[in-house]
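Spelled out, the chains give:
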Amino acid sequence: MRGEAELRAILGRIDGQGYGAYRDLAGSFRLGALELAIDQVQPDPFAAPSRVRLRVPQRDAGFEPALFEGRARRVALEDYLARVLAREIARRRRGVGEGKSGVVSIDAGGQEVLERSAVAVRPDFVEARLSVGLPGEGRRVLGWDAAKLLCDELRQIARLALRASALPPREAADFVGCVEDQEHLRGQLRAHGLVAFLADGAVLPRESGASDRPLASGALALRAPDGLRVELPLAPRGGAARSVRGLGIPEGVTLVVGGGYHGKSTLLRALERGVYPHVPGDGREAVVTRGDAVKIRAEDGRRVERVDVSAFIGRLPGARAADAFSSEDASGSTSQAANIVEALEAGSRLLLLDEDTSATNFMVRDARMQALVAKEHEPITPFVDRVRELAERHGVSTVLVMGGSGDYLEAADTVIEMRDWQPRVATQAAREVARAHPTGRKPEGAAPFALPAPRAPVPGSLDASKGRREVRIGVHGRELLEFGVEKIDLRAVDQLVDPSQTRAIGFLLDQARRRFIDGKTGLPAILDALEALLDERGLDVLDPLAERAPRHPGDFARPRRYEVAAALNRLRSLRMASGTARERSS
Ligand code: ADP
Ligand code: MG
């Protein structure tokens, strides 16, 4: 491996030359204890920045094995170190040059803690994966500025962020412990018959519709009502037994009622995000939801491919088949039905719905409408007629925000009333109201609901390399995934939280196409295989050139299987073979 003297010599030699001369930097250099690997050199100062890895041997980094033993801790420490690196990078001043000259960045996360490729902690080393804009002016190399950046500044960043002894005392351990507690709580939900837990003291409201940080002033901390208060043990630490009290939401059908502006949607959004751990100070550090929770909403305009929505949608006008429903432009109700069936197909057994984002005619059909429009002219079986059947026959729980219709009262096992931003138990009161005020409606939905048979994606209907040699996958924020010539609209996929998850989904779909999609293998088995691939090889496997490892794996954060399925289901070119293939063929 070349040393610092060689690096400085190259930069001195190419100073003032055309920007392409930076190509001579490709490869690794040893700067004292630090290894600097320049994996990809940008062609000009305006192109995507160069990809650089900083690797410090563990004997110099000095992180205790207890901080990264086991998946949860390692993911937490890696996520934490990415944040420390971002903090240190933000402190430095950017040097001279045009375009992206002197820019240094790392893909650190937001309020959720995710498995990401930005930092790798291993028993023998710690590695940061950065983007670095090599300095240039007038498309010429600024060699001396590059030397300062690569030899001095990056080394300083590594010294401050990749050495345990340089970090604020206890910060890393507290972060890792906080994440571990959340995973521990989530892991206990099933054993306690709960779908979610929200600790006393949790702060659910966010700063604004555009910011996911906690509301700084005027936030009312959550207090569990008697009747739904539970106490869950935490893993002992320092020898002491620990536990936490809060609101436990039981399995079954839970209705969240209450007046407008009393905090119903805020509660549901906290549950949506509770499938991920949160950073210390977020306010939702002890708000955990079962990992298979999927937010369901109406999404008119989306494409739907051969989804069996017959449990919700009967004879459609134009003689469309409801048991293999396809549409280029689904309506509010049919899109919401498809979203439910697709979530169940992907393996979810916990649905989260909010009246604010639901199609009214999908949710309810009251007695007067039943009298006015005869059943034979209404294809929709509303969700209210399926929600109990889902729970009782199929073990599918639902948490539903519904302040506007009382037709759900008899369907609920648990009723939570939000009043002045605090939850109260209203189950008994709801039963009494339901008895005193019958709805007069007739249950609809004659045929029993069956869980969907898996559909098998057809090879050739998803191809990100169409007409090219290399795959083309790009993201615009969290919400838009460019997959070859297709654009996948993910605006309605509420539990996708990070653009780097979106990017990972693009490459996961490509891996699925290469490895698992054969026209016979069902989607659930494909999702299983993708999860196994990530468990075994980590996010680094998603780099299309990873075979030439080691190299910078890009900016990836791990998505859940439900969001991978959601993206595939929204790909407009996708074709599905009908669902008989229950098992993976290979
Ligand atoms: P709903 O769905 O019942 O109409 P929202 O959940 O949309 O109400 O909440 C209305 C407003 O109240 C939002 O601006 C939200 O941020 C705020 N809010 C919710 N819960 C709290 C709380 N615990 N403390 C302070 N403000 C809150
Ligand atoms: Mg609301």
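Preceding this paragraph is the structure being described.
**Student:** Help me out: how do you make sense of the pairing of strand E25 (residues 473-476) in this one?
**Tutor:** Each regular strand carries side chains that alternate between the two faces of the sheet. On E25, burial follows the alternation: Ile 473 and Val 475 on one face are buried, whereas Gly 474 and His 476 on the facing-out side are not. Summarising the sheet, E25 and strand E26 (residues 480-483) pair through 4 bridges and their orientation is antiparallel. Bridge pairing in E26 places Val 475 opposite Leu 481. Connecting the antiparallel pair E25 and E26 is a turn made up of 3 residues, with Gly 477 showing a positive phi of about 65°.

**Student:** Help me understand a nonpolar patch on the surface in this model?
**Tutor:** Together, Leu 220, Tyr 261 and Trp 421 line one region of the surface with nonpolar side chains, adding up to about 400 Å² of accessible area. Within the element layout of this structure, Tyr 261 appears in the loop between strand E15 (253-258) and helix H6 (264-273). Judged by its relative accessible area of 75%, Tyr 261 falls in the exposed class.

**Student:** Explanation requested: helix H12 (residues 499-515) in the structure shown.
**Tutor:** Note on helix geometry: an α-helix contains 3.6 residues per turn, so any two residues three or four positions apart are oriented the same way. Along its 17 residues, H12 runs 24 Å from first to last C-alpha, staying within 8% of the 24 Å computed at 1.5 Å per residue. Those residues of H12 that fall on the buried side of the exposure criterion are Ser 500, Gln 501, Thr 502, Ala 504, Ile 505, Gly 506, Phe 507, Leu 508, Leu 509, Asp 510, Gln 511 and Ala 512. Structurally, the start of H12 carries an N-cap: the backbone nitrogen of Ser 500 is 2.8 Å from a side-chain oxygen of Asp 498.

**Student:** Would you mind showing me how to read the coordination of the magnesium ion (ligand 2) here?
**Tutor:** The textbook angles at a metal center are 109.5 degrees for a tetrahedron of four donors and 90 or 180 degrees for an octahedron of six. Donor atoms from the polypeptide that coordinate the magnesium ion (ligand 2) comprise Ser 265 (OG) and Asp 356 (OD), at 2.1 to 2.3 Å from the metal. Taken together, the residues Ser 265 in helix H6 and Asp 356 in the loop between strand E20 (350-354) and helix H8 (360-363) connect sequence positions 91 residues apart. On the accessibility criterion, Asp 356 (56% relative accessible area) is exposed.

**Student:** How do you make sense of the sheet that holds strand E13 (residues 229-237) when you look at a structure like this?
**Tutor:** Either a parallel or an antiparallel arrangement is found when strands of a sheet pair, and the pairing is made through backbone hydrogen bonds. With antiparallel pairing, 4 strands are arranged side by side in an open sheet as E13-E14-E10-E16. Each edge of the open sheet is held by one strand with a lone partner, namely E13 and strand E16 (287-289). With direction set aside, neighbouring strand axes in the sheet form an average angle of 35°. Of the strands in this sheet, strand E10 (194-199), E13, strand E14 (240-250) and E16 are in contact with helix H5 (residues 171-188), which crosses E13 at around 130°.

**Student:** Explanation requested: the side chain of Glu 389 in the structure shown.
**Tutor:** Structurally, the position occupied by Glu 389 is in helix H10 (residues 387-394). In terms of polar contacts, Glu 389 uses its side chain to reach the side chain of Arg 386, at 2.7 Å. Apart from the residues within four sequence positions on either side, Glu 389 is in contact with His 394, Pro 448 and Phe 449.

**Student:** So what exactly am I meant to see when it comes to the packing of helix H3 (residues 71-91) against helix H4 (residues 143-161) here?
**Tutor:** When two helices pack together, their arrangement is given by the angle between the helix axes and by the axis-to-axis distance. Remark: H3 packs on H4, axes separated minimally by 9 Å, with the N-to-C direction vectors making an angle of 135°. The orientation of H3 relative to H4 falls into the category oblique. With respect to the hand of their crossing, H3 and H4 are arranged in right-handed fashion. Of the residues in H4, those touching H3 at Leu 81, Val 84, Leu 85, Glu 88 and Ile 89 are Ile 157, Leu 160 and Ala 161. Split by residue class, the contact of H3 with H4 holds 7 nonpolar, no polar and 1 charged.

**Student:** Honestly, H5 in this entry has me stumped. Any pointers?
**Tutor:** For H5, spanning 18 residues, the distance from its first C-alpha to its last is 26 Å, which sits close to the expected 26 Å at 1.5 Å a residue. Listed in full, the buried residues belonging to H5 are Ala 172, Phe 175, Val 176, Gly 177, Cys 178, Val 179, Asp 181, Gln 182, Leu 185, Arg 186 and Gln 188. Taken together, the buried residues of H5 touch H3, E10, E13, E14 and E16.

**Student:** Sorry if this is basic, but what is going on with the packing of aromatic side chains here?
**Tutor:** Aromatic ring pairs are reported here in terms of the distance separating the ring centres and the angle at which the planes meet. Enumeration according to the criterion identifies 7 aromatic pairs in this entry. Ring centres of Tyr 19 and Tyr 22 lie 4.9 Å apart, and the angle between their planes is 75°; this geometry places the pair in the edge-to-face category. Residue class for Tyr 19 comes out buried when judged on its relative accessible area of 3%. Geometrically, the ring pair formed by Phe 507 and Phe 556 is edge-to-face, given 5.3 Å between the ring centres and 70° between the ring planes. Of this pair, Phe 507 sits in helix H12 while Phe 556 sits in the loop between helix H13 (523-537) and helix H14 (561-569); the two residues are 49 residues apart in sequence, bridging distant segments of the chain. In this pair, the class of Phe 507 matches that of Phe 556, namely buried. Put simply, the rings of Phe 312, Phe 362, Phe 383 and Phe 449 pair up and form one aromatic cluster. Positioned over the ring face of Phe 125 is Arg 55, at 3.6 Å from the centre of the ring.

**Student:** It is not clear to me how unusual backbone geometry should be interpreted in this structure. Could you clarify?
**Tutor:** The phi torsion of most residues other than glycine is negative, and most of the peptide bonds are trans. A positive phi is found at Arg 306, a non-glycine position, where the angle reads about 50°. In this structure, Arg 306 sits in strand E18 (residues 304-307). Judged by its relative accessible area of 31%, Arg 306 falls in the partly exposed class. Its identity as a non-glycine residue notwithstanding, Trp 421 has a phi of 70°, on the positive side.

**Student:** Quick question: what am I supposed to make of the nonpolar core here?
**Tutor:** A general trend in soluble globular proteins is that nonpolar side chains are found buried together. Phe 312, Leu 351, Phe 383 and Tyr 408 are the most contacted members of the largest nonpolar core, which has 86 residues in total. Among all residues touching Phe 383, those that are not within four sequence positions of it are Phe 312, Ile 340, Leu 351, Leu 353, Phe 362, Met 363, Leu 390, Thr 398 and Tyr 408. Membership of the second largest hydrophobic core comes to 57 residues, among which are Val 41, Val 52, Val 84 and Ile 106.

**Student:** What exactly am I supposed to notice about the site of ligand 1 here?
**Tutor:** The environment of ligand 1 is formed by 14 residues, the closest being Leu 220, Tyr 261, Lys 264, Ser 265 and Thr 266. In the environment of ligand 1, an oxygen atom lies 3.1 Å from a nitrogen or oxygen atom belonging to the backbone of Gly 263. If ligand 1 stood free it would expose 570 Å²; the protein chains cover 81% of that surface. Of the residues that constitute the shell around ligand 1, the class distribution is 6 nonpolar, 7 polar and 1 charged.

Procedures and definitions
Each chain carries its own residue numbering, running from 1 in the direction its sequence is written. Whichever chain is written first becomes A and whichever ligand is written first becomes 1, with later ones labelled in order. Local features in this predicted model are restricted to residues whose pLDDT is 70 or higher, and side-chain atom pairs enter the listing and the counts only when it is 80 or higher, whereas totals over whole chains, interfaces and linings include all residues. No hydrogens and no water enter the side-chain calculation; it runs on all heavy atoms of the structure. Burial here depends on accessible area, computed with a 1.4 Å probe over protein chains only, as a share of the maximum for the residue type. Under 20% is buried, over 50% is exposed, and the range in between is partly exposed. Runs of H or I in DSSP of at least four residues are treated as helices and runs of E of at least two as strands, each being numbered from the N terminus. Two strands make a pair as long as DSSP finds a minimum of two bridges between them. Patch members must show over 30% relative accessible area and no salt bridge, and they are joined within 9 Å when carrying like charges or within 5 Å when they are nonpolar side chains of Val, Leu, Ile, Met, Phe, Trp or Tyr. Residue burial considers only the protein chains on display, and all accessible areas are found by Shrake-Rupley using a 1.4 Å probe. Here a salt bridge means any side-chain nitrogen of Lys or Arg lying within 4 Å of a carboxyl oxygen belonging to Asp or Glu. Here, expected helix span is obtained from the residue count minus one, scaled by 1.5 Å. Pairs of N or O atoms within 3.5 Å make up the polar contacts considered here, provided that, within protein, one atom can donate a hydrogen while the other can accept it, and that residues adjacent in sequence are counted only when both atoms are side-chain atoms. A donor here means any N, O or S atom no more than 2.8 Å from the metal (3.2 Å for Na, K and Ca); water is not included, so a site may seem to lack partners. Structural elements are reduced to axes, namely lines fitted to C-alpha atoms, with helices fitted over the stretch in contact, and the angle between N-to-C directions of any two is expressed from 0 to 180 degrees. Contacts: residue pairs with any heavy atoms within 4.5 Å of one another. Should an angle fall under 35 degrees it is called roughly parallel, over 145 degrees roughly antiparallel, and 65 to 115 degrees roughly perpendicular, with every other angle called oblique. Crossings are sorted by hand: turned counterclockwise from the far helix by less than a right angle, the near helix makes the crossing left-handed, and turned clockwise it makes it right-handed. Polar here means any residue outside two lists: the nonpolar Ala, Val, Leu, Ile, Met, Phe, Trp, Tyr, Cys and Pro, and the charged Asp, Glu, Lys and Arg; Gly therefore counts as polar. Between the rings of Phe, Tyr and Trp (Trp by its six-membered ring), a pair exists once the centres lie within 6.5 Å; its type follows the angle of the planes, with under 30 degrees stacked, over 60 edge-to-face, and the other angles tilted. Only Lys NZ and Arg CZ are tested; either one counts as a charge over a ring when it is within 6 Å of the ring centre and within 35 degrees of the ring normal. Only buried residues count toward a nonpolar core, which is a set of Ala, Val, Leu, Ile, Met, Phe, Trp, Tyr and Cys residues joined through side-chain atoms within 4.5 Å. Summary of the distance rule: residues count as near a molecule or strand when at least one heavy atom falls within 4 Å of that molecule or strand.

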